[in-house]
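Notes for the structure review
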Protein chains: 2
Amino acid sequence: MKIRIGIFGYGNLGRGVEAAIRQNKDMELVAVFTRRAPALVKTLFPDTTVLPADDVLEMKGKIDVMILCGGSATDLPVQTPMLAEHFNVVDSFDTHACIPQHYENVDRAAKAGGRVGIISVGWDPGMFSLARLLAGAILPEGEAYTFWGPGVSQGHSDAIRRIDGVLDAKQYTVPVDAALAAVRAGEVPQLTVREKHTRECFVVAREGADLARIEKEIKEMPNYFADYDTTVTFVSAEELAEKHSGIPHGGRVIRTGRTGVDGTHRHVVEYSLKLDSNPEFTASVLVAYARAAYRLHAEHVTGCRTVLDIAPTYISANTPAELRESLL
Amino acid sequence: MKIRIGIFGYGNLGRGVEAAIRQNKDMELVAVFTRRAPALVKTLFPDTTVLPADDVLEMKGKIDVMILCGGSATDLPVQTPMLAEHFNVVDSFDTHACIPQHYENVDRAAKAGGRVGIISVGWDPGMFSLARLLAGAILPEGEAYTFWGPGVSQGHSDAIRRIDGVLDAKQYTVPVDAALAAVRAGEVPQLTVREKHTRECFVVAREGADLARIEKEIKEMPNYFADYDTTVTFVSAEELAEKHSGIPHGGRVIRTGRTGVDGTHRHVVEYSLKLDSNPEFTASVLVAYARAAYRLHAEHVTGCRTVLDIAPTYISANTPAELRESLL
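My aim in this report is to walk through the structure given alongside it, one point at a time. Everything numeric in this text was worked out from a predicted model, so none of it was measured.

Let us look at empty space enclosed by the protein. If you walk through the whole model with that rule in mind, you get three cavities of 30 Å³ or more. Those elements giving two or more residues to the lining of the largest cavity turn out to be α4 (127-138) and β13 (265-275) of chain A together with α4 (127-138) of chain B. The leading source of residues in the lining of the largest cavity is α4(A), at five residues. In terms of residue class, the lining of the largest cavity is built from twelve nonpolar, no polar and no charged.

In this section: helix α10 (residues 278-298) of chain A. Residue and element names in this part refer to chain A. Taking 1.5 Å per residue as the helical rise, α10 with its 21 residues ought to reach 30 Å, and the 31 Å between its terminal C-alpha atoms agrees with that figure. Of all 21 residues in α10, 17 are buried, a share of seventy percent or more. Here α10 starts with a cap whose side-chain oxygen sits 3.1 Å from the backbone nitrogen of Glu 280, and that cap is Ser 277. Looking one or two residues past α10, His 300 carries a phi angle of roughly 65°, positive in sign.

Before going further, it helps to spend a moment on the sheet that holds strand β8 (residues 151-152) of chain B. Residue and element names in this part refer to chain B. With respect to topology, four strands assemble into an open sheet ordered β8-β9-β10-β11, the strand pairing being mixed. With one partner strand each, in any of the chains shown, β8 and β11 (229-234) form the two edges of the open sheet. Across six bridges, strand β10 (residues 197-205) lies against β11 in parallel orientation. Paired with Glu 200 across the two strands is Thr 231, which belongs to β11. On top of the sheet, helix α5 (residues 154-161) reaches β8, β9 (166-175) and β10; it is set at about 145° to β9, its chief contact. Along the sheet face, helix α8 (residues 211-219) touches β9, β10 and β11 and points at about 150° away from the line of β11.

Attention now goes to the packing of aromatic side chains. Evaluation of the coordinates by the stated rule reveals eight aromatic pairs over all chains. Members of the aromatic cluster, joined through ring pairs, are Trp123(A), Phe128(A) and Tyr271(A). Positioned above the aromatic ring of Phe45(B) is the side chain of Arg22(B), whose terminal nitrogen or guanidinium carbon lies 3.7 Å from the ring centre.

All names here are of chain A. Two numbers describe how helix α1 (residues 12-21) lies on α10: the axes approach to 8 Å, and their chain directions differ by 55°. What the angle tells us is that α1 and α10 run oblique. For the pair α1 and α10, the sense of crossing is right-handed. Across from Asn 12, Leu 13, Gly 16, Val 17, Ala 20 and Ile 21 in α1, the residues of α10 making contact are Pro 279, Glu 280, Thr 282, Ala 283, Ser 284, Leu 286 and Val 287.

Quick notes on the rules
- Residues numbered from 1 in each chain as written.
- Chains lettered and ligands numbered in written order.
- Predicted model: local features only at pLDDT ≥ 70, side-chain atom pairs only at ≥ 80, totals over all residues.
- Heavy atoms only, no water.
- 1 Å grid on protein atoms, 1.4 Å probe; cavity = no way out; pocket = protein on both sides within 12 Å on 5 of 7 lines; lining within 4 Å.
- Points joined across faces, edges and corners; volume = space filled by probe spheres on them.
- Helix = DSSP H or I, 4+ residues; strand = E, 2+ residues; numbered from the N terminus.
- Nonpolar A, V, L, I, M, F, W, Y, C, P; charged D, E, K, R; others polar.
- Expected span 1.5 Å × (residues − 1).
- Buried < 20%, exposed > 50% of the residue type's maximum accessible area, 1.4 Å probe, protein only.
- Polar contact = N/O pair within 3.5 Å; in protein donor to acceptor, adjacent residues only side chain to side chain.
- Pairing = 2+ DSSP bridges.
- Contact = heavy atoms within 4.5 Å.
- Axes fitted to C-alpha atoms, helices over the stretch in contact; angles between N-to-C directions.
- Phe/Tyr/Trp six-rings, centres within 6.5 Å; stacked < 30°, edge-to-face > 60°.
- Lys NZ or Arg CZ within 6 Å of the ring centre and 35° of its normal.
- Parallel < 35°, antiparallel > 145°, perpendicular 65-115°, else oblique.
- Left-handed = near helix turned anticlockwise from the far one by under 90°.

Here it is in structure tokens:
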């Protein structure tokens, strides 16, 4: 009997989940739920069932874990608690400051329904959070740094697209090599945002637009670009499509710490990701934790959990004995 | 009330635990247990209590977690099950092929005594095992590689020291750059042991010894060196003491995998350690998991566990709510 999965929301992340489920022999996709007209949704695989989001409760009892693939801004804060009362759920909620509140909301709903909700699953938050926890507990006298990229920031790309005269844009977040080297050398530097990352923008402007004004507006945009060294390169729509159509990302969490009587010995723990597709990797993490949600529910656990609270064996398709034999 | 720790066995690892406990404000060291005459043992800190190993059971009820710091060859297979009946225990048992048997022995003893035993804690087995599990569950269609070093292999250094004419020696295991690059590029290479690591030996020979014979004996030693590209450098005792007295180590676990409909997108997950002191880092991991043993016991869990079975929050001094707030 396979773990029956539902996908709620069908964009890049939902497609990633649809593909990832096929890589896990112990799972099957029951249906994709969408707010669009199901007949108009083109799925990756022709045999994927598409149902209206409004009818989701009719599938109660027929889906073991619902993977939510909506956005953190407006979708997940509403959808995850709503669905957690009826299904075990997994989401990738990533608005850092709101995670404690989201946790409480999902916890209450999941307990009311006797379900498990796992929130903020992905790589950051997610695997990076786990890397920070593990290294921090092992090296309490130390400092952790997170570098993102090289990779595409969707939020920054969108911000550029909203500027008058811009037709399209792609923004890459790039870690500064010198900062990385200083951290790895155990120098425990104090780094400003400018010293940690640069921002590289590739912009398609409308014909005849004032390029100097666009560049200035980008570089001076508060929060998004003003605090960074930003480069702006104008390209044609063809070049953007050809060279910048992917959604790669990645990054690294580095913790350095000292041990011994006088802290004489230095240690560097580094966890890094290099991802061709940000949404597909996030989807793969969601699918692995859907397995955990299923198993925790089978053990009568209820309420909210995060990747920090879940024993690693729960996300593997192998048994604990097999894992001991092959991985330890 | 602090977590009361005992150290059973007092070599490099035991000293590392003694130092690491001071970095964790929620813990205190009750005593070091040794088979030597306690009066002859010089501890890192003058106020450390040293007791005879034979009297360990007299401390039952006065120690929350016993951290075993003996060797995997003969000490731990006997000591961990023996002590697990009376104390919560943590060890760093690392004889891969014997871990399932050791697990069974510790599980039986810990259950009989109503205790928790956490075995094979450290970095490999330990954090590297965890890295393999996580990346493997997330990227099921992929391949994992482990590279060790650059670092000192105690076993290989000992093997050289047993050769006639050798006064002292230090052996470094070094990963091959080309192999690392191929793995990171996602080429999924099939690598022989020779292609993955080289072995660099620094040897102090007795005056007048036949250096060519020693070098030949090293390079042709089965299992230890014959399958590797090995370099032998003869040095003076002074140079060995000056340049090769440390016990650095480290390594990395790299998993590459593919996602998407046709596996078009490649991902690289890498977990790496660069350690100035192998025993002190291992000790720091042991101490963090001692916290988990204490908490699991408080929840009336009994039996054997490994790092794979333990929810990450258990090893942190912070509460789950604090961790959600600061790490997610």
